[in-house]
Amino acid sequence: MICGLKGIFEKCSLEATSEEHIIPNAIGGRLKRVCLCRNCNTKAGDQWDSGLAKQLNLLSILFSVARERGDSPNEMILNNELEKILFREDGTIIASAPKTNITEDNNGEIHIEVQSASSKTAKQIISGFLKKENLYAKSEIEYREELESYSLDFSISFDFTDESFARSLVKMAYLYAYSSGIEGRNLDSAFAYLDGESKEHCFGPCYKEDLVINRPEEVPIHVVVVKCCAINKIVYGYLELFGFIRVIVKLGDYIGRENLMFKYFLDPTTGEELNIDINLDLTIEEVNAILKPQRSEIESFNILLESKFNLFIKKWNKKRLRKAIEWASCKASQELNQSKEENIQAYIFLVYKNLSSLNIFN
Ligand SMILES: [Zn+2]
């Protein structure tokens with residue numbers, strides 16, 4: 001097979017030898033096809049998919065995407081109280097910048113306390129301070145895991161006009177079609193858009209009705225569908241990411257005679273393919289109308305995200321709760337050891353007291 005992006009990036013080696021994640025790994029994609037050369041695979045990943053992954057990283061964390069390779073990186077956001085905080089995959093939220101507190105006691109000894117995301121950072125800050133002040137450490141560094149109390153009070157916004165985001169979207173439908181055996185000459189609209197030859201968006205939002213049949217309501221599904229319609233002489237695709245980014249992509253004019261349809265449904269929280277279906281039957285006029293979206297369609301996106309958010313975040317909230325209970329129990333047990341009490345009631349009391357200091361339950 002010839003590399004599907006031949007002619008777009010420099011140094012294409014023409015032959016497809018490299019496995020491409022049709023839906024990027026960063027958002028939990030699993031389906032892989034050999035349809036690109038290594039050069040174009042790397043360049044499309046660096047220049048297009050990275051933009052999409054960056055915008056969707058917070059959702060990958062909060063919706064508990066199970067990636068095939070690596071973990072989702074921490075996501076820094078500015079919350080409504082204007083604090084820089086980091087969301088982490090394990091259900092914790094921490095301050096983005098390390099906090100350092102240096103005190104001197106009556107004996108002239110200096111105590112350094114550092115709060116940071118990792119013990120490695122704390123160690124670096126402490127050794128940097130010692131070096132700068134020409135001091136030496138009298139005792140070993142003590143580590144303690146603390147949980148901070150941040151509410152989920154923040155807003156999410158996306159920029160779908162971002163070119164790398166948009167190209168990554170179009171590429172998913174295009175390469176799914178191409179690797180399914182649809183010849184490149186049927187996919188001209190998508191190719192011209194990816195190539196930069198056509199500045200016009202070849203995709204638009206699709207929210208008028210829910211096309212997915214038997215949708216699992218609590219799963220932020222990914223969907224990629226391609227349809228070749230011999231009557232309307234059009235090839236188009238439907239893409240859905242996280243259950244609420246829903247777009248139709250016009251791929252090109254169909255010159256074949258056979259109606260074809262390829263579809264793929266994924267639960268990105270488990271990596272499992274879903275056995276559901278889609279009702280996709282658009283006329284050429286309907287596809288063209290979708291490419292010129294109305295304001296109401298864009299508003300539908302926000303309404304859908306708002307209505308689904310609490311359902312999709314359930315898994316992450318469970319991890320958050322488990323972390324909170326572990327931390328509160330651990331802290332209670334330390335507190336009891338210090339006071340030499342071994343009373344189960346006192347222990348439970350302390351666990352609850354520690355838990356209620358976090359605003360998870362508010
Ligand atoms: Zn190539």
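Residues numbered from 1 in each chain as written. Predicted model: local features only at pLDDT ≥ 70, side-chain atom pairs only at ≥ 80, totals over all residues.

In this section: the pairing of strand β11 (residues 234-241). Two faces, one strand: in a regular strand the side chains alternate between the faces of the sheet. Most of β11 is tucked away, with eight of its eight residues classed as buried. Here β11 shows a buried face lined by Ile 234, Tyr 236, Tyr 238 and Glu 240 and a second buried face lined by Val 235, Gly 237, Leu 239 and Leu 241. Two strands pair when backbone bridges link them, and strand β10 (residues 222-229) and β11 are joined in this way by seven bridges, in the antiparallel orientation. Bridge assignment links Val 224 to a residue of β11, and that residue is Leu 239. Between the antiparallel neighbours β10 and β11 lie four residues, among them Lys 233 with a positive phi of about 55 degrees. Relative to strand β12 (residues 245-253), β11 runs antiparallel, the two being bridged by eight bridges. Within β12, the residue paired with Ile 234 across the bridge is Asp 253. (Buried ≥ 20, exposed ≤ 12 C-beta atoms within 10 Å, placed from the backbone. Helix = DSSP H or I, 4+ residues; strand = E, 2+ residues; numbered from the N terminus. Pairing = 2+ DSSP bridges.)

Turning to the domain arrangement of the protein chain, a few remarks are in order. Examined at the domain level, the protein chain breaks down into domain 1 (18-63 + 157-310) and domain 2 (314-361). Of note, the centres of domain 1 and domain 2, computed from C-alpha atoms alone, are 44 Å apart. (Domains from an automatic or database assignment.)

This paragraph deals with the sheet that holds β10. The strand order across the open sheet built from six strands is β8-β12-β11-β10-β13-β14, with neighbouring strands paired in antiparallel fashion. Of all strands in the sheet, those bounded by a partner on one side alone are β8 (203-205) and β14 (272-273). Pairing of β8 with β12 involves three bridges; the strand directions are antiparallel. Along β12, the bridge assignment pairs Phe 203 with Val 249. Seen against the sheet, helix α3 (residues 163-179) touches β8, β10, β11, β12 and β13 (260-267) and runs at an angle of roughly 125 degrees to β11. (Contact = placed C-beta atoms within 7 Å. Axes fitted to C-alpha atoms, helices over the stretch in contact; angles between N-to-C directions.)

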